[in-house]
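# Report on the structure
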Amino acid sequence: MAEEAQNNGEHAVVAADGHGSGGAAVGTAVISSDAVQNPGLPPHRKRVTDLDPKKAKRAERIVYTLFYVSIAGSLGAVLAYMFFPIETGDLLAIRMHTMFVGLGMALALLAVGIGAVHWGKALMADHESIDIRHDVASDAPTREASAEVFKLADEESGFSRRSLVRNSLIGALIAFPLPGITLLRGLAPQDRDAVQLLHHTMWAEGVRLARDPSGVPIKASDVTIGSAFHVIPETLNHEDFEKMTLEERGGSTHLLDAKAKAIVLLMRLDQKDLKELPEREGWSYDGIVAYSKVCTHVGCPVALYEQHTHHLLCPCHQSQFDVAEHAKVIFGPAKRPLPQLPITVDDEGYLVAQSDFHEPVGPSFWERLK
């Protein structure tokens, strides 16, 4: 048992038995009787806005001005989206659009944040308080106390009393989501079926597979076992693209849109490692396979290839696909395999497509029929 070893009014020493012999034992605990006392709260220092009504009024003007600036930033981002369209694909227009929309949204968020902080530091009640811990309960007195706390917070913050600050904050918070809502309009075509657009790309019978971004055609002899090529259609260049019909472009009106749908990853495996589906016999050539580079989860580029395991990794959400087994999903949130592009070789030994993809490329959401 523990026993009291010493108590001279200054220190109390408690020692555990079984340790050492004579005197204080090993592991002795010393409890000081003159421990540091709670110094309490420091003297309260009033702010300049508490002492000078003019300073308080000035702080109030600053706060609601910042909230109005936030509203202006939100509306400015919406106007920038409208007056700097990017549908033409012009690089300067895209840069201007990105810059002004971004500046407007940044100004909106920054101004409302600074305004809220300044409101709290300069205008809200400034006093020290202690919250005593107590058992959580849901009885009537507790609910009444909670209502009283909200009422007191409203009085101390001046939310109801300072109408300009309150109304400008509400306006800023209402305006802030508008740029994001406006930008949603550009995420999908308004006049065409997205499922059909993703079902057709620039790949067609006889179109050569070319390196991305150089556009140099690829011969089957160039593809060694374990290698991987980032591939686009040979016809995907500005000169040929402008001369194509909308159907030949895969339904895309802009070059970058067409490329986003048509990008492919080309790999060569040992023939004995390749497990092809019966309905896809003949879609590969001498162990060379081609799959869409667009992840079937949310459309990120699947570009990380591990040649020893034949796995493709999407860097966004870590979906993994097994190239040796028709790019089936082996890990991650993707729900279906990557679409396979049927390929063969032409008379000159260049790799060519047998046809377009046989299913929509991209996220599985767009595969749903309307």
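Keep in mind the model is a prediction, meaning the values are calculated, not measured.

Before going further, it helps to spend a moment on the overall build of the protein. The helix and strand inventory of the protein stands at nine helices and 13 strands. When burial is assessed residue by residue, the protein has 34% of its 370 residues classed as buried. The contacts in the protein between residues at least 6 apart in sequence include a share of 61% that link residues at least 24 apart. Working note: accessible area of the protein is about 22800 Å², and carbon and sulfur atoms make up 59% of it.

When pLDDT is averaged along the protein, the result is 83, and 84% of the positions lie at 70 or above. Here residues 1-22 is a poorly scored stretch, pLDDT under 50, and it has 27 contacts once near neighbours within four places are set aside; other chains count.

To continue, consider helix H9 (residues 255-262). Every α-helix carries 3.6 residues per turn, so stepping three or four residues along brings you back to the same face. Among the residues of H9, Leu 255, Ala 258, Lys 261 and Ala 262 are the ones counted as buried. Along H9, the residues classed as buried sweep out an arc of 130 degrees about the axis, all on the same side.

It is at 8 Å that the axes of helix H2 (residues 53-83) and helix H5 (residues 163-175) come closest, and there the two elements cross at 20 degrees. What the angle tells us is that H2 and H5 run roughly parallel. Crossing of H2 over H5 shows left-handed handedness. Facing Glu 60, Val 63, Tyr 64, Phe 67, Tyr 68, Ser 70, Ile 71 and Ser 74 of H2, the residues of H5 in contact are Leu 164, Val 165, Ser 168, Leu 169, Gly 171, Ala 172 and Ala 175. Grouping the constituent residues of the contact of H2 with H5 by class yields ten nonpolar, four polar and one charged.

Applying the stated criterion across every chain, the model contains twelve salt bridges. With a closest N to O distance of 3.8 Å, Lys 57 and Glu 60 form a salt bridge. Taken as a pair, Lys 57 and Glu 60 lie in helix H2 at a separation of three residues, close to a single helical turn. Here Glu 359 ties to Arg 336 by a salt bridge, and the two come within 2.8 Å at their closest N and O atoms. With Glu 359 in the segment after strand S13 (351-353) and Arg 336 in the loop between strand S11 (328-331) and strand S12 (343-345), this pair connects stretches of sequence that are 23 residues apart. Of the residues examined, Arg 336 reaches a relative accessible area of 8% and is grouped as buried. Through salt bridges with shared partners, one network takes in Arg 47, Asp 50 and Asp 126.

This next bit is on the state of the cysteines. The final tally for this structure, using the stated rule, is one disulfide. Left unpaired, Cys 295 is separated from the closest cysteine sulfur, that of Cys 314, by 3.9 Å. Relative accessible area serves as the criterion here: at 2%, Cys 314 is assigned to the buried category.

This part covers the sheet that holds strand S10 (residues 320-322). The pairing of strands in a sheet happens through backbone hydrogen bonds and is either parallel or antiparallel. What the four strands build is an open sheet, ordered S8-S9-S10-S11; its pairing is antiparallel. Looking at which strands have only one partner, the edges of the open sheet turn out to be strand S8 (304-306) and S11. Each neighbouring strand pair of the sheet contributes to a mean axis angle of 30 degrees, computed without reference to strand direction. Of the pairings in the sheet, the one linking S10 to S11 comprises three bridges and is antiparallel in character. Pairing of Phe 321 across the sheet is with Val 329, part of S11.

This next bit is on helix H3 (residues 91-122). The terminal C-alpha atoms of H3 lie 46 Å apart, and with 32 residues this matches the ideal 46 Å at 1.5 Å per residue to within 8%. Where H3 is buried, its residues touch helix H1 (48-51), H2, helix H4 (140-157), H5 and helix H6 (178-183).

Turning our attention to the packing of aromatic side chains. A complete count under the given rule lists four aromatic pairs for this structure. Ring centres of Phe 67 and Trp 119 lie 6.5 Å apart, and the angle between their planes is 75 degrees; on these two criteria the pair is classed as edge-to-face. One end of the pair, Phe 67, is in helix H2; the other, Trp 119, is in helix H3, with 52 residues separating them in the sequence. A residue is classified by how much of its surface remains accessible, and Trp 119, at 5% relative accessible area, is buried. Each residue in the set Phe 67, Trp 119 and Phe 159 is aromatic and connected to the rest through ring pairs, giving one cluster.

Examined against the element boundaries, Ala 59 turns out to sit in helix H2. Ala 59 gets classed as buried once you look at its relative accessible area, which sits at 5%. With 63 residues separating them along the chain, Ala 59 and Ala 122 place their C-alpha atoms 6.6 Å apart. With residues up to four places along the chain from it excluded, the contact list for Ala 59 reads Thr 49, His 118, Ala 122 and Leu 123.

Rules and cut-offs
- Residues numbered from 1 in each chain as written.
- Predicted model: local features only at pLDDT ≥ 70, side-chain atom pairs only at ≥ 80, totals over all residues.
- Heavy atoms only, no water.
- Helix = DSSP H or I, 4+ residues; strand = E, 2+ residues; numbered from the N terminus.
- Buried < 20%, exposed > 50% of the residue type's maximum accessible area, 1.4 Å probe, protein only.
- Contact = heavy atoms within 4.5 Å.
- Areas by Shrake-Rupley, 256 points an atom, 1.4 Å probe, with all protein chains shown as cover.
- pLDDT = per-residue confidence, 0-100.
- Arc of directions from axis to C-beta.
- Axes fitted to C-alpha atoms, helices over the stretch in contact; angles between N-to-C directions.
- Parallel < 35°, antiparallel > 145°, perpendicular 65-115°, else oblique.
- Left-handed = near helix turned anticlockwise from the far one by under 90°.
- Nonpolar A, V, L, I, M, F, W, Y, C, P; charged D, E, K, R; others polar.
- Salt bridge = Lys/Arg side-chain N within 4 Å of Asp/Glu carboxyl O.
- Disulfide = S-S within 2.5 Å.
- Pairing = 2+ DSSP bridges.
- Expected span 1.5 Å × (residues − 1).
- Phe/Tyr/Trp six-rings, centres within 6.5 Å; stacked < 30°, edge-to-face > 60°.

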